[in-house]
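Below are the chains, spelled out letter by letter.
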Amino acid sequence: NGAAGTVDYENGTVENPVDSIADANTLAASLGIARFEVLDGSSITFAAAQSGQFFTGKTWTVALGGQNIAGSSFEGASVSGIAAGTGATQRYANCILNAVSHLKNTHAHECSIAGTQTLIEAGDIFYDRCHSGIAGTSTWVFDFGTAIGNSNLNWRNGSGGIQREAMGDTGRDTASIEGRGQIKEGSCTGG
C-alpha cells in the first residue's frame, strides 16, 4: 500500500512505505533489519524465505506461500497457507488463523481459529487464550498430520469447539485441552 522503491532511508519509511514484500525484503537485507510494520488493509503473499522476522499491523492478510518462516512472529494478521523451514519458535498474536500448516514450536496467543490447523513437523504446538472462529455446532479441526507422529497439542484457556484428526495415526500423539467448549474426535487412531 505504498510506492515502489528500494533506496535506503528513502523508501520503506513511515512517510514513504513500499508497495511490495519484495521491496521490503531488499531494504531489510541492505539495512540489516528484521521488523516489518504492515499498513492496515495490506495483503502479502510470501515468495521468499521470511525467517527470524517480526510482522505487525492491524487487519492485514498474509499467505505463507510455502516459504520458510522459522522463528518469525506475526501480529494482527489474517493468516493462511503452508509454512516451511525447521521450527524454531514461531508466534502468532491476535491473528485469525484460517487454514494453516504449522511447524513445531508454534505459539498462537489470543487468536481466532477459523480453519484447519495442520502440524507438518513432529513436535509441540501451543494455543493460549484462543477461540473458535467458526459459529454454530461446527468447529475447526486440528490435524496431527498423517505419518508425522510424536506430536503434542497444547490448547490452554480456550473457548469453542475443537476437532482432532489423525491423532495417533503414527507414533504417539498427545493433547492437553482446557477451556470451554466441546471436543470432537474425528478419524483418530489413538492418542
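Scroll up a little and you will see the structure.
Residues numbered from 1 in each chain as written. Predicted model: local features only at pLDDT ≥ 70, side-chain atom pairs only at ≥ 80, totals over all residues. Heavy atoms only, no water.

**Some remarks on the pattern of salt bridges**
Any two side chains of opposite charge can pair, so long as their charged atoms come close to each other. Formally: A carboxyl oxygen of Asp or Glu within 4 Å of a side-chain nitrogen of Lys or Arg is what we treat as a salt bridge. Strands here mean DSSP runs of E at least two residues long; helices mean DSSP runs of H or I at least four residues long; both are numbered from the N terminus. Any residue under 20% of the maximum accessible area for its type is buried, any over 50% is exposed, and the rest in between are partly exposed; the area is computed with a 1.4 Å probe on protein chains only.
In this structure the tally under the stated criterion is four salt bridges. In this structure, Glu 110 engages Arg 129 in a salt bridge whose closest nitrogen and oxygen atoms are separated by 3.3 Å. Of the two residues, Glu 110 is situated in the loop between strand E7 (106-109) and strand E8 (112-113) and Arg 129 in the loop between strand E10 (124-128) and strand E11 (131-132); the sequence distance between them amounts to 19 residues. You can call Glu 110 partly exposed: its relative accessible area is 39%. A relative accessible area of 43% places Arg 129 in the partly exposed class.

**A look at the nonpolar core**
To keep things clear, this is the line we draw: Among the buried residues, those of types Ala, Val, Leu, Ile, Met, Phe, Trp, Tyr and Cys that are joined through side-chain atoms within 4.5 Å form a nonpolar core. We call two residues in contact whenever any of their non-hydrogen atoms come within 4.5 Å of each other.
Core analysis: the biggest nonpolar cluster contains 38 residues, and Phe 46, Leu 64, Phe 74, Val 79, Tyr 92, Leu 97 and Tyr 127 have the highest contact counts within it. Every element with two or more residues in this core is listed here: helix H1 (21-31), strand E1 (35-38), strand E3 (54-63), strand E4 (73-82), strand E6 (96-102), E10, strand E12 (140-143) and strand E13 (152-159). When residues of this core are assigned to their parent elements, the largest contribution, four residues, is made by H1. When residues no more than four places from it in sequence are discounted, the contact partners of Tyr 92 are Leu 64, Ile 69, Phe 74, Val 79, Leu 97, Val 100, His 102, Thr 106, His 107, Ala 108, His 109 and Cys 111.

**A word on the packing of aromatic side chains**
This is how it is decided: Paired rings are identified among Phe, Tyr and Trp, the last through its six-membered ring, by centres lying within 6.5 Å, and are further divided according to the angle between planes into stacked (under 30 degrees), edge-to-face (over 60) and tilted (the rest).
If you walk through the whole model with that rule in mind, you get 11 aromatic pairs. Taking 5.6 Å as the distance between ring centres and 50 degrees as the angle between the ring planes, the aromatic pair formed by Tyr 127 and Trp 155 counts as tilted. Within this pair, whereas Tyr 127 is found in strand E10, its partner Trp 155 is found in strand E13, the two being separated by 28 residues in sequence. When its relative accessible area of 1% is taken as the criterion, Tyr 127 is described as buried. Residue Trp 155 is classed as buried on the basis of its relative accessible area of 2%. Centroid distance Phe 142 to Phe 144: 4.9 Å. Interplanar angle 85 degrees. Geometry classified as edge-to-face. Overall, Phe 142 belongs to the buried group, its relative accessible area being 0%. When its relative accessible area of 0% is taken as the criterion, Phe 144 is described as buried. These aromatic residues form a ring-pair network of at least three members: Phe 36, Phe 46, Phe 55, Trp 60, Phe 74 and Tyr 92.

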